[in-house]
Amino acid sequence: MSVTSWLTSKVKNWQIRREMGYPYEESRPEKQIAYVFDINKCIACQTCTVACKTTWTSGKGQEIMFWNNVETKPYGGYPIKWDLNILKSLDGQSWDKEGKYNGKTVFEAAPPGERVLGWLPEEEDYSYPNIGEDECAGIVEKGAFFSGIHKAWMFYLARICNHCTYPACLAACPRKAIYKRKEDGIVLIDQSRCRGYRECVRACPYKRTFFNLVTRISEKCIGCYPLIEKGEQPRCVQTCIGKIRLQGFLSKPDSPQKDNPLDFLVYVKKVALPLYPQFGLEPNVYYIPPIHVPKEFLYQMFGPGVDKAIETYKGAKDDKELLGAFLLFGSTDKIIRSFKVEGDYALGFNDKGEMIAKVPFKEPVYIRPYFDKKVGTYRHNIP
Amino acid sequence: MIKRLSLLLLLVGLFLINPHCANVEQNQNIIKSVKVKEVPFKDVRSSIWKKAPVTRINVIPQNMTLPSLQTPTIQYINVRSLHNDNWIAFLLEWEDKTRDAVVDVNKFTDQVAVQLPLDPKSLPAFMMGNKGGRVHIIHWKAIWQDDIEKGYRDVQTLHPNYWVDLYFFSEPMIYAEGEFPLQPTTVDYFITPEALNYIPGAYARNPISIFHRTQPVEEAIAEGFGTFTTQPKQNAIGWGRWEKGVWKVIIAKQIVSDDPNDAPVPEKTYIAFAAWNGSDKNVGARKHYAPWVELVVER
Ligand code: SF4
Ligand code: SF4
């Protein structure tokens, strides 16, 4: 069977601004789970990683599994070289001036006999989740620390499953053991149906499905669906120390709702961009690109929207609505379905329209006496 | 002329010294099952097997669905069959230089499978059957053989130095012989529902995640690609040995069974084969196969 006959459907991928071949018909969920991660704020504390690990993957057979990981770019990667390997084999990733992708997706580039262009990591590739941590791309020249901006750069990339609109894991599974939920777009591996062929591990370019040594079948991030079903954001989002994450639902690309913070950041302001959109999966974790990293690196990683996203991000101080949306990151455990700015507050609402978050644009300042007579102690004031 | 003659002699010589060529049934399209008093279910070396003729079944790489197998590493399976009126057994032998009996992200196990039609009179598609045309599959894996003979192939089987402080809710909370942190080497400790929460395949009762197998084979029914379904009732048996680069695997089933998912074994039916080479990362559809071959059961 040839690849062209295998990709029976033409589906619309808004991130690459064109139709592409996919083995199943376009079937967007009622609402799509989506996340915005502000890379500029991540401190690589790995609280998200540990929260996920203790919640879901502390079992036997899951030792090397991190459904959430945070790696340092440019050198870090878990599993090792997950990105370099696929980038190397996907030829000619070019975009035209209108932002249309001219190269091939991982589906279109599948070699003979394969469903998807992919590769299978070795066990060892998972054994160094912190490789390259805090390593800069180059040496900081002597004295450059003091002279302002220097050329050395690095940034932290927090990664989870993208709950893709066109998942490669799902397309590659010959048993149809992987499914995408109609109600929220979460992509799951049916733990009773999987037979451990690892076609998904091979196919997912983000390497977000994992093989369990003890159960001998594959597992992946489940988007904390028990929390989602209760109207709460996932563990990695709730626990994020840097408040870099916001989870919500994305509307269909042709009907963005301006008051939905996810739609607002992704579709309206275009300040958050998909990771490697050229792979063709329409991933649903959107990143605000790091502002200090060479553009070429960012174009490759986030596509042609980088310049505009960074410009918009830098202008947030003068854009109250955008700033308001940013303030809602980490403001509540609940899922914010709509938001507005009222006076000096950003307000977040749940699906019933009840207010679940209220964040002031400026935190009030309290000055306390140096000596507290009531409890008989000295206090410092911390800005 | 002399050159040709010596080539011929060389070929004849090779034929004679290669044990897998000797005594091979000429007709590749028929497997005869010979009646014996006792079938050596667990003894691949038993001389009783010699009573059955060998049929050499050529296998080819799976090329009908994606993913497919591009390069074959197994050429043929030598098949013998015995029965005792109650059970029919097949001895399958094929060359495989490496014994692959563990799994890991990038490690795959050797496997072999036989397939019989539920209705031999209207033969379904030879590759996993077709809608309405069901097939009965009996599947043997090297890793299951080792699970049974050596104990469950665990994390520490592959990675003896994996060190974990604690597996949540594992029962009992093992602090093995004064050792801390603990290094459990068996999944038997994970029996509480809470602990099983962290072993999702077992929690979901996935037939792949069975820790206490009694047979190295699994029975399934299928009616087309991707429909392989483990039978609720498992009554087939199997046994395998790897000796000097050759796998010798016995797969046996009841001739008459009350399991409606089992294929009948009339005097004439059909059988198909599949084989996987673990070291070449064969798995699932990345396999070698042989289409239907006639199976004659001599009564
Ligand atoms: S918890 Fe937040 S800040 Fe910390 S590493 Fe994770 S994403 Fe970054
Ligand atoms: S990121 Fe990978 S595992 Fe997650 S849905 Fe996409 S293809 Fe599947």
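Quick caveat, the model's predicted, so the values are computed rather than measured.

### As for the site of ligand 2
Then, in step 1: Taken together, the neighbourhood of ligand 2 is formed by 14 residues, with Cys161, Asn162, Cys164, Cys169 and Cys204 of chain A sitting nearest.
Then, in step 2: Residue composition of the shell around ligand 2, by class: nine nonpolar, three polar and two charged.

### Some thoughts on the side chain of arginine 80 of chain B
Residues and elements named next belong to chain B.
Then, in step 1: Its location among the elements puts arginine 80 in strand E5 (residues 76-83).
Then, in step 2: In this structure, arginine 80 is buried with no salt-bridge partner, the nearest side chain bearing the opposite charge being glutamate 93 at 4.0 Å.
Then, in step 3: Engagement of the side chain of arginine 80 in a polar contact is seen with the backbone oxygen of tryptophan 49, the distance being 3.4 Å.

### Quick word on the interface of chain B and chain A
Then, in step 1: Of the residues lining the interface, 51 residues belong to chain B; the matching set on chain A comes to 43 residues.
Then, in step 2: In total, about 3,900 Å² of surface goes out of reach between chain B and chain A, with carbon and sulfur atoms giving 55% of it.
Then, in step 3: Looking only at chain B, the three residues that lose the most surface to chain A are Leu66, Val105 and Tyr198 of chain B, adding up to 20% of its buried area.
Then, in step 4: Our enumeration of links across chain B and chain A arrives at five salt bridges.
Then, in step 5: Glutamate 218 of chain B serves as the salt-bridge partner of arginine 195 of chain A, at 2.6 Å between the closest nitrogen and oxygen.
Then, in step 6: At the boundary of chain B with chain A, the tally comes to 25 residue pairs in polar contact (both at pLDDT 80 or more).
Then, in step 7: At the level of secondary structure, the elements contributing two or more residues to the side of chain B that touches chain A comprise helix H2 (142-150), helix H3 (155-158) and helix H5 (200-203) of chain B.

### What to know about the sheet that holds strand E11 (residues 273-274) of chain A
Pairing between sheet strands relies on hydrogen bonds along the backbone, with the strands arranged either parallel or antiparallel.
All names here are of chain A.
Then, in step 1: Spatially, the four strands line up as an open sheet ordered E10-E3-E12-E11, and their pairing is mixed. One side of each edge strand has no neighbouring strand; the edge strands of this open sheet are strand E10 (245-250) and E11.
Then, in step 2: As paired strands, strand E3 (residues 32-38) and strand E12 (residues 285-288) are joined by four bridges and run parallel to one another. When the bridges of E12 are listed, phenylalanine 37 appears paired with tyrosine 287.

### A short note on unusual backbone geometry
Residue and element names in this part refer to chain A.
Then, in step 1: Of the consecutive residues lysine 73 and proline 74, the connecting peptide bond is found in the cis state with omega at 15°.
Then, in step 2: Note that proline 74 resides in the loop between strand E4 (69-73) and helix H3 (82-89).
Then, in step 3: The omega torsion of the bond from tyrosine 78 to proline 79 falls at -10°, within 30 degrees of zero and hence cis.
Then, in step 4: Checked against the element boundaries, proline 79 lands in the loop between E4 and H3.
Then, in step 5: Residues other than glycine seldom take positive phi values, yet histidine 163 does so here, at roughly 40°.
Then, in step 6: With respect to the element layout, histidine 163 can be found in the loop between strand E5 (155-159) and helix H4 (168-172).
Then, in step 7: Residue histidine 163 is classed as buried on the basis of its relative accessible area, which comes to 0%.
Then, in step 8: Look at tyrosine 276: it is not a glycine, yet its phi comes out positive at around 45°.
Then, in step 9: In this fold, tyrosine 276 is placed in the loop between E11 and E12.

### Comments concerning helix H2 (residues 47-56) of chain A
Then, in step 1: Restricting attention to buried positions, one finds in H2 of chain A the residues Cys48, Thr49, Ala51, Cys52 and Lys53 of chain A.
Then, in step 2: As for H2 of chain A, its buried residues are in contact with E4, helix H7 (235-238) and E10 of chain A.

### Observations regarding the confidence of the model for chain B
Residue and element names in this part refer to chain B.
Then, in step 1: Considering every residue of chain B, the mean pLDDT works out to 88; 86% of them sit at 70 or more.
Then, in step 2: Counting interchain partners and residues more than four positions distant, the pLDDT-below-50 stretch residues 1-23 has nine contacts.
Then, in step 3: Both scores are available for the predicted complex, with the pTM at 0.92 and the ipTM at 0.92.

### Focus: the pairing of E10 of chain A
All names here are of chain A.
Then, in step 1: Counting buried residues along E10, six of its six residues qualify, which places the element largely inside the surrounding structure.
Then, in step 2: Pairing analysis gives six bridges linking E3 to E10, with the strands arranged antiparallel. Looking across to E10, one finds that glutamine 32 is bridged to leucine 250.

### Focus: the environment of glycine 280 of chain A
Residue and element names in this part refer to chain A.
Then, in step 1: Mapped onto the elements of the fold, glycine 280 is located in the loop between E11 and E12.
Then, in step 2: Accessibility expressed as a relative area gives 0% for glycine 280, which makes it buried.
Then, in step 3: Separated by 262 residues in sequence, glycine 280 and arginine 18 place their C-alpha atoms 9.9 Å apart.
Then, in step 4: The contact partners of glycine 280, leaving out residues within four places of it in the chain, are Asn13, Met20, Thr105, Phe107 and Tyr166.

### Here's the deal with the nonpolar core
Then, in step 1: Counting residues in hydrophobic clusters, the biggest one holds 110 residues, and the most contacted among them are Phe107, Tyr206, Leu275, Phe279 and Phe302 of chain A.
Then, in step 2: It is H4 of chain A that provides the largest number of residues to this core, a total of five residues.
Then, in step 3: Core analysis: the next-biggest nonpolar cluster, separate from the first, contains 32 residues, Val59, Val249, Ile271 and Leu295 of chain B among them.

### Considering the pattern of salt bridges
Residues and elements named next belong to chain A.
Then, in step 1: On inspection of all chains with the given rule, the structure shows 31 salt bridges over all chains.
Then, in step 2: The closest approach of N and O atoms between glutamate 71 and arginine 159, which form a salt bridge, is 3.3 Å. Linking glutamate 71 in strand E4 with arginine 159 in strand E5, this pair joins segments that are 88 residues apart in sequence. In this structure, glutamate 71 and arginine 159 share a single accessibility class: buried.
Then, in step 3: The residue lysine 317 makes a salt bridge to aspartate 318 at a minimum N-O spacing of 3.6 Å.
Then, in step 4: Since its relative accessible area comes to 64%, lysine 317 is described here as exposed.

### Looking at the packing of aromatic side chains
Then, in step 1: Applying the stated criterion to the full structure yields 35 aromatic pairs over all chains.
Then, in step 2: On the basis of an interplanar angle of 75° and a centroid distance of 5.9 Å, the ring pair of tryptophan 82 of chain A and tyrosine 276 of chain A is categorised as edge-to-face. Here tryptophan 82 of chain A, found in helix H3, pairs with tyrosine 276 of chain A, found in the loop between E11 and E12; they are 194 residues apart in sequence, far enough to count as distant. Each member of the pair, tryptophan 82 of chain A as well as tyrosine 276 of chain A, is classed as buried.
Then, in step 3: One Lys or Arg, arginine 56 of chain B, reaches over the ring of tyrosine 76 of chain B and ends 3.8 Å from the middle of that ring.

Each value, and the rule that gives it
- Residues numbered from 1 in each chain as written.
- Chains lettered and ligands numbered in written order.
- Predicted model: local features only at pLDDT ≥ 70, side-chain atom pairs only at ≥ 80, totals over all residues.
- Heavy atoms only, no water.
- Near = heavy atom within 4 Å.
- Nonpolar A, V, L, I, M, F, W, Y, C, P; charged D, E, K, R; others polar.
- Helix = DSSP H or I, 4+ residues; strand = E, 2+ residues; numbered from the N terminus.
- Buried < 20%, exposed > 50% of the residue type's maximum accessible area, 1.4 Å probe, protein only.
- Lys, Arg positive; Asp, Glu negative; His and termini not counted.
- Salt bridge = Lys/Arg side-chain N within 4 Å of Asp/Glu carboxyl O.
- Polar contact = N/O pair within 3.5 Å; in protein donor to acceptor, adjacent residues only side chain to side chain.
- Contact = heavy atoms within 4.5 Å.
- Buried area = accessible area lost by both parts, 1.4 Å probe.
- Pairing = 2+ DSSP bridges.
- pLDDT = per-residue confidence, 0-100.
- Core = buried A, V, L, I, M, F, W, Y, C linked by side-chain atoms within 4.5 Å.
- Phe/Tyr/Trp six-rings, centres within 6.5 Å; stacked < 30°, edge-to-face > 60°.
- Lys NZ or Arg CZ within 6 Å of the ring centre and 35° of its normal.

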